[in-house]
Structure formats: structure tokens, C-alpha cells
Amino acid sequence: MTADLRDLYQEVVVDHSRRPRNFGPLPDASHQAEGFNPLCGDRLNLYLKVVDGFIEDARFEGSGCAISMASASLMTEAMKGRRTTDAEALFSDFHAMLTGNPKTNPALGKLEVFAGVSEFPSRIKCATLAWHTLQAALHAEVQPVTTESIA
Ligand code: ZN
């Protein structure tokens, strides 16, 4: 990871964890799921409004460490206006980057700031919690998800 990317990571994570975007309820949500990362205590509720296969709106509520909140903030930003099928593809790219394979991916755009998390395996679940919850919401699963059952 270059020094520039490391600085950007710090800046973006701090900014998004202090002022999370899309934070709050979504009264006309069509999909929702709850996520919990017991290793860190991160919790969130994710709400989606899906219309004709497109994610029109995405919001979340919850509490947790800076990485989990920044990840949820950036993930909801990245999802708006995206096809649900693209959302799944983006999650696999994001997960691959976090596990260092490949290290970066231009398709991820701003989400690339999380590349450095691959150096801290214990924080990967903090960064992926919002995404696992997204997947659960898209599949309209009613059971709360936990990062323990879905690595
Ligand atoms: Zn965490």
C-alpha cells in the first residue's frame, strides 16, 4: 500500500465514521436486514428501496467501530442507482480486495480506500459487515446475519 493511499484511507474512514452518509431510517424500504459482528461489537440495520431491479435508496442505522461505520456509509453511497445484480458483483470485488487478491481494483472507485484493511485480518469483518448485511437484505432474509456464520 502506498503512503498516498494510506493517507487517503485515514482521511476517508475518519470522515465517514464521524459523519456517516445515509444514516437513519428508510420508512418506505422494500428490503431490510440486520447485521452483527460479535468479534468487534459492530451492529447495523440496513434498509433498501429496490424498484425494478435498481437500488433507489439505501440507508442504515447502527453503531460500531470507525471501520464498520465508514464501510456502511461508503457502501450505501456506492449502492444508490445500482442494479441489484451489480451490487453482488461489487461485493465479490470488494471482498477479494480485502483478502489481498488483487490488492486494488479500479472498479471499486472510492471503496479502494479499504485496501489497507487486508493488512489487518481481524478488521476484515468490520469492513465486510455492511456488505454481508446488504446481501442478506437483497435476498430478503429475515434472520439476523452474523459474520461468524458467513466468513
Ligand atoms: Zn469493528
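Participant: For the overall build of the protein, give the residues involved together with the corresponding values.
Facilitator: Secondary structure assignment for the protein yields four helices and four strands. By the burial criterion, 41% of the 151 residues in the protein qualify as buried. At a minimum sequence separation of 6, the contacts of the protein that also span at least 24 residues come to 58%.

Participant: Please provide a residue-by-residue account of the coordination of the zinc ion, values included.
Facilitator: Around the zinc ion, the protein contributes the donor atoms Cys40 (SG), Asp42 (OD), Asp42 (OD), Cys65 (SG) and Cys126 (SG), which lie 2.2 to 2.7 Å from the metal centre. Along the chain, the residues that donate to the zinc ion are spaced as C-x1-D-x22-C-x60-C. A residue pair is termed long-range when its members are at least 10 positions apart, and aspartate 42 in strand 2 (residues 42–51) and cysteine 126 in helix 4 (residues 124–138) qualify at 84 residues. Exposure class is identical for aspartate 42 and cysteine 126. Each is buried.

Participant: Lay out the pattern of salt bridges in plain terms, naming residues and giving numbers.
Facilitator: Applying the stated rule across the entire model yields six salt bridges. Taking the shortest distance from any N to any O, the salt bridge between glutamate 77 and lysine 110 comes out at 3.4 Å. Taken together, the residues glutamate 77 in helix 2 (residues 66–79) and lysine 110 in the loop between helix 3 (84–98) and helix 4 connect sequence positions 33 residues apart. Judged by its relative accessible area of 33%, glutamate 77 is partly exposed. Assessed through its relative accessible area of 48%, lysine 110 is described here as partly exposed. One connected set of salt bridges, linked through shared partners, spans Asp15, Arg19 and Arg21.

Participant: Tell me about helix 2, and please be specific about residues and values.
Facilitator: Helix length check: helix 2, at 14 residues, gives a terminal C-alpha distance of 20 Å against a target of 20 Å (1.5 Å per residue), a fit within 8%. For helix 2, the tally of buried residues reaches twelve of 14 residues, placing the bulk of the element in the interior. Of all the residues in helix 2, the buried ones are Ile67, Ser68, Met69, Ala70, Ser71, Ala72, Ser73, Leu74, Met75, Thr76, Ala78 and Met79. At the exit of helix 2 stands glycine 81, carrying a positive phi of roughly 85°.

Participant: Give a description of the side chain of asparagine 22 that names residues and reports values.
Facilitator: Along the chain, asparagine 22 turns up in the loop between helix 1 (3–18) and strand 1 (31–37). On the accessibility criterion, asparagine 22 (12% relative accessible area) is buried. A distance of 3.0 Å separates polar atoms of two side chains, one belonging to asparagine 22 and the other to threonine 76. Side-chain polar atoms of asparagine 22 contact the side chain of lysine 80, separated by 2.7 Å. Every residue in contact with asparagine 22, bar those within four places of it in the chain, is listed here: Ala58, Arg59, Phe60, Ser73, Thr76, Glu77 and Lys80.

Participant: Can you lay out the packing of aromatic side chains for me, pointing to particular residues and giving the numbers?
Facilitator: Throughout the structure, instances matching the rule amount to four aromatic pairs. Aromatic side chains phenylalanine 91 and tryptophan 131 sit 5.8 Å apart centroid to centroid with 15° between the ring planes, which places their arrangement in the stacked category. One end of the pair, phenylalanine 91, is in helix 3; the other, tryptophan 131, is in helix 4, and 40 residues separate them in sequence. Since its relative accessible area comes to 8%, phenylalanine 91 is described here as buried. For tryptophan 131, a relative accessible area of 0% corresponds to the buried category. The interplanar angle of 20° and the centroid separation of 4.8 Å between the aromatic rings of phenylalanine 94 and tryptophan 131 together place this pair among those described as stacked.

Conventions we followed
Residues numbered from 1 in each chain as written. Predicted model: local features only at pLDDT ≥ 70, side-chain atom pairs only at ≥ 80, totals over all residues. Heavy atoms only, no water. Helix = DSSP H or I, 4+ residues; strand = E, 2+ residues; numbered from the N terminus. Buried < 20%, exposed > 50% of the residue type's maximum accessible area, 1.4 Å probe, protein only. Contact = heavy atoms within 4.5 Å. Donors = N, O, S within 2.8 Å, 3.2 Å for Na, K, Ca; no water. Salt bridge = Lys/Arg side-chain N within 4 Å of Asp/Glu carboxyl O. Expected span 1.5 Å × (residues − 1). Polar contact = N/O pair within 3.5 Å; in protein donor to acceptor, adjacent residues only side chain to side chain. Phe/Tyr/Trp six-rings, centres within 6.5 Å; stacked < 30°, edge-to-face > 60°.

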